[in-house]
Amino acid sequence: ADIGAWLRFDLVGADTNSVELDLAISYVSIESAEQNLAALGQRSFDETRAAAAAAWQTELSRIRTLGGDPQQRTLFYSALYRSFLAPTTFTDSSGAYRGFDDQVHQAEGFTYYSDFSLWDTYRTVHPLFNLIQRDRSADMMESLTRMAAQGGDLPKWPLGIGYTGGMVGTPADIVLADAYLEDITDFDVDTAYAAAYLHATEPRPNAGRAGIVGYRERGWVSTDDASSSASRTLEFAHADYALGRWAAALGKPDDAALFGASAGNWANLWSPELGFLIGRHSDGSFDLAGFDPLVWASYYAEGTAHHYTFAVPHDAKGLAAIMGGDAAMVERLEAYFETSKAFLESAQYTPLEPVPYYWQSNEPSLHAAYLFTEVGAPALTQRWVAWARDRHYGLGPNGLPGNDDAGTMSAWYVWATIGLYPLPGSGGFWITAPTFERLELDLSDASAPDRKLAIVSEGSGIYVAGASFGG
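Participant: Whenever I open this one, the overall build of the protein confuses me. Can you help?
Facilitator: Assigned secondary structure in the protein consists of 17 helices and 11 strands. Taking 471 residues into account, the globule formula puts the C-alpha radius of gyration at 23 Å, and the protein, at 24 Å, falls close to it. By the burial criterion, 51% of the 471 residues in the protein qualify as buried. Partitioning the contacts of the protein with sequence separation of at least 6, the portion at a separation of at least 24 is 63%. Accessible surface for the protein amounts to roughly 21000 Å². Of this, 51% is attributable to carbon and sulfur atoms. Treating the 30 positive side-chain charges of the protein as one cloud and the 59 negative ones as another, the clouds have centres 4 Å apart.

Next comes the structure, spelled out in structure tokens:
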């Protein structure tokens, strides 16, 4: 049945020029919506706003800063705020939620979330939650696991009460593995791992890996099997890297060997003739027809050969070796960034249009500056992270490089400001210079309620001369 409502009011002769409306919704039932409304209590608009401000103050205080100027602080806390806006709490006040089987379930001891923009958020948002929203991250992992148990498979981009086919890869595998490797274990780990294993080894009815049979047999997704085949191969390889490390941590050596080997499948796309990672047919031949490294080919998802040739964050040393060594990769990376900078400063660039070189507005590029550190040039990482941070973020209407993608771009800024950057599935971070003199991060969770990390910068500038942890 159609559901609707209307509000009629007359302010003529009234003592006030405002009308306050309390509103509650539910995906479970009308009765549950009424319970949600009752749970709001009898608070005025101003009281509700004050309570919201206090709640946000608590969450934004998970990172406390010293130093910097007012603009830097405004940029930082605005980015941190946007990083926390998704996923969506999908649990009613009673703990009820509607699952992927369209049945009503009870969330006991956790909050059920939906609306995960996983292809975006696995790179920056979820690693940030693993650091400073650890209890919430555990609830999110349990939510993904419930989706698999109730819907049949892990999702790619869960929206409301169902699957979407959003983007390529199976990023839920990476998100779950990364949480576990960051010692977030308060979710149904066995069910989650079993669902991720199915994703990675066989076709699935919902949100699986397109071309998985060929990927397992030959080592790449062919252009004959699926669109965006090169992007899928690269995403699958990163997911396998994360799964291999998760399997090892769970004491599953055979699985760890299986996924550890296929984590290197990205190299099967290397075309010696072109010097790029490109699409490949099922017969082994490369898709050279009409190749243009500046154009979105059909075997890439939202990107060019320039973007995707550097989309191997989990094996930068292997990528350098195939390019001819560390120095050769540093040279190519430098050209990648310098050309992007020149393009953005040229008269031909129109804001928000795709950039065929380093492109801060889209996910496959976000880690690229940090690859310099992997191949012996950390100063260049620091230079280009600082450039991207200052060039693409501001306080005006153009203060983000593009679609924030559920906080992904904002979380990138948070990482670039605190001087760390995650490699999902690795359990570690790359280091750059923090913007502030001192940052204090709240790493607490239920098991360690007082755990904190202080990041202290002695001196100023964008280059790190040295770093120590715990002495």
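Participant: Looking at this structure, I do not really get unusual backbone geometry. What am I missing?
Facilitator: Backbone phi values are negative for most residues with the exception of glycine, while trans is the configuration of most peptide bonds. Each neighbour pair has its own omega, and for alanine 86 with proline 87 the value is 0°, a cis peptide bond. With respect to the element layout, proline 87 can be found in the loop between α3 (70-83) and β2 (88-89). Despite not being glycine, aspartate 405 has its phi angle at roughly 50°, a positive value. Following the sequence through the fold, aspartate 405 ends up in the loop between α16 (378-392) and α17 (408-418).

Participant: I'm lost on the packing of aromatic side chains in this one. Help?
Facilitator: Two descriptors summarise a pair of aromatic rings, namely the distance from one centre to the other and the angle between the planes of the rings. According to the stated counting rule, one finds 33 aromatic pairs in the structure shown. Ring centres of phenylalanine 343 and tyrosine 357 lie 6.2 Å apart, and the angle between their planes is 70°; this geometry places the pair in the edge-to-face category. Placement of phenylalanine 343 in helix α14 (residues 326-345) and of tyrosine 357 in the loop between α14 and α15 (371-374) is noted, with a sequence separation of 14 residues between them. The residues phenylalanine 343 and tyrosine 357 share a single accessibility class, namely buried. For the pair tryptophan 384 and tryptophan 387, a centre-to-centre distance of 5.2 Å together with 80° between the ring planes defines the contact as edge-to-face. In this pair, tryptophan 384 and tryptophan 387 are both assigned in helix α16, 3 residues apart and thus about one turn of the helix distant. Tryptophan 387 matches tryptophan 384 in its accessibility class, with the two residues each being buried. Joined through ring pairs, the aromatic side chains of Phe310, Tyr336, Phe337, Tyr358, Phe372, Trp384 and Trp387 make up one cluster. For the cation-ring pair, arginine 209 lies above phenylalanine 236, with the distance from its terminal atom to the ring centre recorded as 4.9 Å. Sitting over the ring of phenylalanine 276, arginine 332 keeps its end group 4.9 Å from the ring centre.

Participant: What is the right way to read a negative patch on the surface from this model?
Facilitator: A cluster of acidic residues, Glu20, Asp22, Asp46 and Glu47, forms a negative patch on the protein surface. Within the secondary structure, aspartate 46 is located in helix α2 (residues 45-60). Residue aspartate 46 is classed as exposed on the basis of its relative accessible area of 55%.

Participant: Just to check I follow, could you spell out the side chain of glutamate 142 for this structure?
Facilitator: Tracing the backbone shows glutamate 142 in helix α6 (residues 134-151). When neighbours within four sequence positions are excluded, glutamate 142 is seen to be in contact with Phe110, Phe187 and Asp188.

Participant: Could you clarify how one ought to interpret the packing of helix α8 (residues 189-201) against helix α11 (residues 253-262) in this entry?
Facilitator: Each pair of packed helices can be described by the angle between their axes along with the distance between the axes. At a closest axis distance of 12 Å, the pairing of α8 and α11 adopts a crossing angle of 40°. With respect to α11, the element α8 is oriented oblique. Where α8 crosses over α11, the two elements pack in a sense that is left-handed. Counted together, Tyr193, Tyr197, Ala200 and Thr201 of α8 and Asp255, Leu258 and Phe259 of α11 form the full contact between these two elements. Grouping the constituent residues of the contact of α8 with α11 by class yields 5 nonpolar, 1 polar and 1 charged.

Participant: In this structure, what is going on with the pairing of strand β10 (residues 438-442)? I would like to understand it.
Facilitator: Residues in a regular strand project their side chains so that they alternate between the two faces of the sheet. In this sheet, β10 lies alongside strand β1 (residues 63-66) in antiparallel orientation, the contact comprising 4 bridges. Along β10, the bridge assignment pairs threonine 65 with leucine 439. Here β10 pairs with strand β11 (residues 452-456) via 5 bridges, running antiparallel. Residue leucine 439 lies in a different strand from β11, and its bridge partner there is isoleucine 455.

Participant: Quick question: what am I supposed to make of the nonpolar core here?
Facilitator: Burial of nonpolar side chains together is a common tendency in soluble globular proteins. The biggest cluster of nonpolar side chains holds 126 residues, and the ones touching the most others in it are Trp246, Phe337, Trp412, Ile418 and Leu441. At 10 residues, helix α10 (residues 229-249) tops the list of elements feeding residues into this core. Excluding residues that lie within four positions of it along the chain, phenylalanine 337 makes contacts with Tyr358, Ala368, Ala369, Phe372, Trp384 and Trp387.

Participant: So what exactly am I meant to see when it comes to the sheet that holds β11 here?
Facilitator: Sheets are built from strands that pair by backbone hydrogen bonding, the pairs being arranged parallel or antiparallel. The 3 strands are arranged β1-β10-β11 in an open sheet whose pairing can be described as antiparallel. Bordering the open sheet on either side are β1 and β11, each of which pairs with just one other strand. Neighbour-to-neighbour, the strand axes of this sheet turn through a mean angle of 15°, independent of strand direction.

Participant: Can you walk me through helix α1 (residues 30-40) in this structure?
Facilitator: Along an α-helix, a turn takes 3.6 residues, which lines up residues three or four apart on a common side. Of all the positions in α1, only Ser32, Ala33 and Asn36 are classed as buried. Seen from one end, α1 has its buried residues packed into an arc of 105°, which puts them on one side. More than 90 degrees from the buried face of α1, the exposed residues found are Ile30, Glu34 and Ala38. In the segment just after α1, glycine 41 is the residue with positive phi, at about 80°.

Participant: Please clarify how the packing of helix α13 (residues 316-323) against α14 should be interpreted in this entry.
Facilitator: Across the interface, α13 lies against α14 with an axial gap of 7 Å and an inter-helix angle of 95°. It follows from the interaxial angle that α13 and α14 lie roughly perpendicular. Residues Ala316, Lys317, Leu319, Ala320 and Met323 of α13 form the contact with α14, whose own contacting residues are Asp326, Ala328, Met329 and Arg332. Classifying every residue of the contact of α13 with α14 gives 6 nonpolar, no polar and 3 charged.

Participant: Any chance you could explain the pattern of salt bridges here in plain terms?
Facilitator: A side chain of one charge can pair with a side chain of the opposite charge when the charged atoms of the two come close. Taken as a whole and judged by the stated rule, the model has 19 salt bridges. Residue arginine 204 pairs with aspartate 153 through a salt bridge whose shortest N-O separation is 2.5 Å. Of the two residues, arginine 204 sits in the loop between α8 and α9 (212-218) while aspartate 153 sits in the loop between α6 and α7 (171-181), which places them 51 residues apart along the sequence. The exposure class assigned to arginine 204 is partly exposed, which follows from its relative accessible area of 24%. Where salt bridges share partners, they join Asp173, Arg209, Arg216 and Asp240 into one cluster.

Scoring rules and cut-offs
- Residues numbered from 1 in each chain as written.
- Predicted model: local features only at pLDDT ≥ 70, side-chain atom pairs only at ≥ 80, totals over all residues.
- Heavy atoms only, no water.
- Helix = DSSP H or I, 4+ residues; strand = E, 2+ residues; numbered from the N terminus.
- Rg over C-alpha atoms; globule rule 2.2 N^0.38 Å.
- Buried < 20%, exposed > 50% of the residue type's maximum accessible area, 1.4 Å probe, protein only.
- Contact = heavy atoms within 4.5 Å.
- Areas by Shrake-Rupley, 256 points an atom, 1.4 Å probe, with all protein chains shown as cover.
- Lys, Arg positive; Asp, Glu negative; His and termini not counted.
- Charge placed at Lys NZ, Arg CZ, Asp CG, Glu CD.
- Phe/Tyr/Trp six-rings, centres within 6.5 Å; stacked < 30°, edge-to-face > 60°.
- Lys NZ or Arg CZ within 6 Å of the ring centre and 35° of its normal.
- Patch = residues over 30% accessible without salt bridge, like charges linked within 9 Å, V, L, I, M, F, W, Y side chains within 5 Å.
- Salt bridge = Lys/Arg side-chain N within 4 Å of Asp/Glu carboxyl O.
- Axes fitted to C-alpha atoms, helices over the stretch in contact; angles between N-to-C directions.
- Parallel < 35°, antiparallel > 145°, perpendicular 65-115°, else oblique.
- Left-handed = near helix turned anticlockwise from the far one by under 90°.
- Nonpolar A, V, L, I, M, F, W, Y, C, P; charged D, E, K, R; others polar.
- Pairing = 2+ DSSP bridges.
- Core = buried A, V, L, I, M, F, W, Y, C linked by side-chain atoms within 4.5 Å.
- Arc of directions from axis to C-beta.

Geometry only, nothing functional implied.
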